[in-house]
Amino acid sequence: MGRHITIFAESRGSELRQVTYEALQAAEQLARPGDKISALLIGHGLRARQEALLATGIHELYVLDHVTADAYEPDYTFQVLKDFYDQYKPDILLFGHTAIGRDLAPMLAAHADSGQISDVTSLITSDDSVLFKRPIYAGKAFETRAFSGALPWIVTIRPNNFKPLASLSPCMSGTEVNGYIRSLPTPASSLRSIVKNVVQRMSGSIDLSEAKIVVSGGRGVESKEGFKPLEELAQLLHGAVGASRGACDSGYCDYALQIGQTGKVVTPEVYFACGISGAIQHLAGMSQSRTIVAINTDPEAPIFQIADYGIVGDLFEVVPLLTAELRKVLN
Ligand SMILES: Cc1cc2nc3c(=O)[nH]c(=O)nc-3n(C[C@H](O)[C@H](O)[C@H](O)COP(=O)(O)OP(=O)(O)OC[C@H]3O[C@@H](n4cnc5c(N)ncnc54)[C@H](O)[C@@H]3O)c2cc1C
C-alpha cells in the first residue's frame, strides 16, 4: 500500500502562502508510485483556497472551515492537526519552516512520538533512501539527515528553496478531477488563549521571508528617512525591504524587518546589503541568498567577503543610481 503524504497548507490573510506550493514540490519529490498526496487546510472563508489546492491535482483535501479558525491560535490549530493525524495517520507531514510551521511541527512530532527534520532546503532522493539537506551553524555548513525508518516523518521546509509547484505531474495527481474533500470536526475553542486581533507587520505588501528580491539597510542608512531610497529600489523590483539589527536598534525601522540570527531568515534571488557591515549574526539570516550585492563605504567591510558583487561607495549615491538605471532597463 502506498504512503500518505500531507502538506500543511498555510495561509496569509485570505491567500495560500507560497511555501504551501513549495511543500507540494517537496511532496512530489518524496512521492513514489502509489503514494497519496493530500493537503490540510484550516481557517475561515476557504472556498477560493480550497479550489486553488484542488487545482493542483492533490488526491485529498482535509478542511476545517470555521469562524473560530480564522486567526491562528496554537492550541486550537494543534487540536485540529492532532485529531486529523489520529484519524488519518499520514506517513509524511510537510510544513513550511515559518513561525506557524515551527510551532506546530514539533508538537505533532512529540504527539506522534516521531522524529522531525527542520529547515530543509533540498532533498536527495534515490530508490531506497531520502536525505534531507539543511543548513547548520547559522548557514556556515550544511548537513544531510535521514529518518531512521519508522514513520511518520515530520519535516519543515525553508521558504524560497523549493520551486513552487502549481500542479502535480500527471502520474502523481488525483484520479478524480476535483480530488476529494473531507471536512474535519471543529474542536472546542481553546480555553487557554483567545486571539482578539492580528496585526500584520509586513515590508510593503510582500512577505520578507518569501520575497525574491530583498533590499536591506544597516546602520549606514543613518535615519528613518535613509530607508527611502531602499524602499524605492525594492518597489521597482517588486521586492521587500529588510534591515540589520544595527538599523533596528538605532530606531531607523521596525524590528519586523530584522534579518539574521535573531531575526528572519531569507533566501531571495537577490539580496542588496546597503550600509551593512556583515556581522556573523546578520549573515546567519541571508548568506544563502542566490546573489548578494553589497554597497558599503568601507572596502574592508566583512560583507564583501560573501558578496557576489561589491560596490565601494556611499549608499545615498549608489542606490538612487542603481534605481534609475534599472528603471531604464525595466521600462
Ligand atoms: C546575540 C546576538 C544576536 C544578534 N542578532 C542579529 C541579527 O539577527 N541580525 C543582525 O543584523 N545583527 C544581529 N546582531 C548584531 C550584529 O552583531 C551587528 O551588531 C549588527 O548586524 C550590525 O549592524 P550593521 O551592519 O547595520 O551596523 P554596523 O556594524 O555599524 O555597520 C554599518 C556599516 O555601514 C557602512 N556605512 C556607513 N555609512 C555608509 C554609507 N553612507 N554608505 C554605505 N555604507 C555605509 C559602514 O562602513 C559599516 O560597514 C546580533 C548580535 C548578538 C550579540
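As a reminder, the structure under discussion sits directly above these lines.
Asker: How should I be thinking about the overall build of the protein chain in this particular structure?
Answerer: A tally of regular secondary structure across the protein chain gives nine helices and 17 strands. For 331 residues, the compact-globule estimate of 2.2 N^0.38 gives 20 Å, and the protein chain sits close to it at 21 Å. Dimensions of the protein chain, computed from the C-alpha atoms along their principal axes, are close to 60 × 45 × 40 Å. Counting every position in the protein chain, which comprises 331 residues, the buried fraction comes to 50%.

Asker: Would you mind going over the pairing of strand S14 (residues 240-243) with me for this structure?
Answerer: Note on strand geometry: in a regular strand, side chains alternate between the two faces of the sheet. Judged by which residues are buried, S14 turns out to be covered on both faces: Ala240 and Gly242 on one side and Val241 and Ala243 on the other are all buried. Alignment of strand S13 (residues 213-217) against S14, held across four bridges, turns out to be parallel. Directly across from serine 216, in S14, lies its bridge partner glycine 242. Assessed by its sense of winding, the connection that carries the chain from S13 through helix H5 (residues 228-236) to S14 is right-handed.

Asker: What is the right way to look at the packing of aromatic side chains in this model?
Answerer: The way to describe two aromatic rings as a pair is by their centre distance and the angle between their planes. Counted under the stated rule, the structure contains seven aromatic pairs. Residues phenylalanine 84 and tyrosine 88 carry aromatic rings whose centres are separated by 5.7 Å and whose planes lie at 35 degrees to one another, so their mutual orientation is tilted. Here the residue phenylalanine 84 and the residue tyrosine 88 both occupy positions in helix H3 (residues 74-88), the gap between them amounting to four residues, near one helical turn. Considering the side-chain rings of phenylalanine 132 and phenylalanine 147, the 5.4 Å spacing of their centres and the 85 degrees angle between planes classify their relative orientation as edge-to-face. Remark: phenylalanine 147 occurs in the loop between strand S10 (141-145) and strand S11 (153-157) and phenylalanine 132 occurs in strand S9 (residues 130-136); sequence separation between them is 15 residues. On the basis of relative accessibility, which here comes to 14%, the residue phenylalanine 147 falls in the buried class. Three or more aromatic residues link up through ring pairs in this structure, and these residues are Tyr62, Phe84 and Tyr88. The ring of phenylalanine 142 is capped by lysine 133, whose NZ or CZ atom sits 4.8 Å from the centre of that ring.

Asker: Can you help me understand the environment of alanine 141 in this one?
Answerer: Among the structural elements, alanine 141 can be located in strand S10. The contacts of alanine 141, once residues within four sequence positions are left out, are Arg134, Pro135 and Ile136.

Asker: In this structure, what is going on with helix H1 (residues 18-30)? I would like to understand it.
Answerer: Counting along an α-helix, one turn takes 3.6 residues, and residues three or four places apart therefore face a common direction. Between its first and last C-alpha, H1 extends 19 Å over 13 residues, near the 18 Å set by a 1.5 Å rise per residue. Looking at H1, one finds that the buried residues are Val19, Thr20, Glu22, Ala23, Leu24, Gln25, Ala26, Ala27 and Leu30.

Asker: For this particular structure, what's the right way to read the sheet that holds S10?
Answerer: Within a sheet, each strand pairs with its neighbour through backbone hydrogen bonds, oriented either parallel or antiparallel. Across the sheet, three strands lie side by side as S8-S9-S10; this open sheet has antiparallel pairing. Looking at which strands have only one partner, the edges of the open sheet turn out to be strand S8 (122-125) and S10. Neighbour-to-neighbour, the strand axes of this sheet turn through a mean angle of 30 degrees, independent of strand direction. In terms of strand pairing, S9 meets S10 through five bridges, oriented antiparallel.

Asker: Honestly, the site of the ligand in this entry has me stumped. Any pointers?
Answerer: Around the ligand, the surrounding shell holds 26 residues, and the nearest of these are Arg219, Ser244, Thr262, Ser277 and Asn296. Between the ligand and the protein, one listed contact pairs an oxygen atom with a backbone N or O atom of glycine 246 at 3.4 Å. Contact with the protein chains removes 74% of the 990 Å² of surface that the ligand exposes when unbound. Of all the elements in the fold, those that place two or more residues in the shell around the ligand are helix H6 (245-249), helix H7 (280-286), strand S16 (291-296) and helix H9 (315-330). In terms of residue class, the shell around the ligand is built from six nonpolar, 16 polar and four charged.

Definitions and limits used
Residues numbered from 1 in each chain as written. Predicted model: local features only at pLDDT ≥ 70, side-chain atom pairs only at ≥ 80, totals over all residues. Heavy atoms only, no water. Helix = DSSP H or I, 4+ residues; strand = E, 2+ residues; numbered from the N terminus. Rg over C-alpha atoms; globule rule 2.2 N^0.38 Å. Buried < 20%, exposed > 50% of the residue type's maximum accessible area, 1.4 Å probe, protein only. Pairing = 2+ DSSP bridges. Right-handed = clockwise from strand over helix to strand, strands pointing away. Phe/Tyr/Trp six-rings, centres within 6.5 Å; stacked < 30°, edge-to-face > 60°. Lys NZ or Arg CZ within 6 Å of the ring centre and 35° of its normal. Contact = heavy atoms within 4.5 Å. Expected span 1.5 Å × (residues − 1). Axes fitted to C-alpha atoms, helices over the stretch in contact; angles between N-to-C directions. Near = heavy atom within 4 Å. Polar contact = N/O pair within 3.5 Å; in protein donor to acceptor, adjacent residues only side chain to side chain. Areas by Shrake-Rupley, 256 points an atom, 1.4 Å probe, with all protein chains shown as cover. Nonpolar A, V, L, I, M, F, W, Y, C, P; charged D, E, K, R; others polar.

These results come straight from atomic positions and should not be treated as a statement about function.
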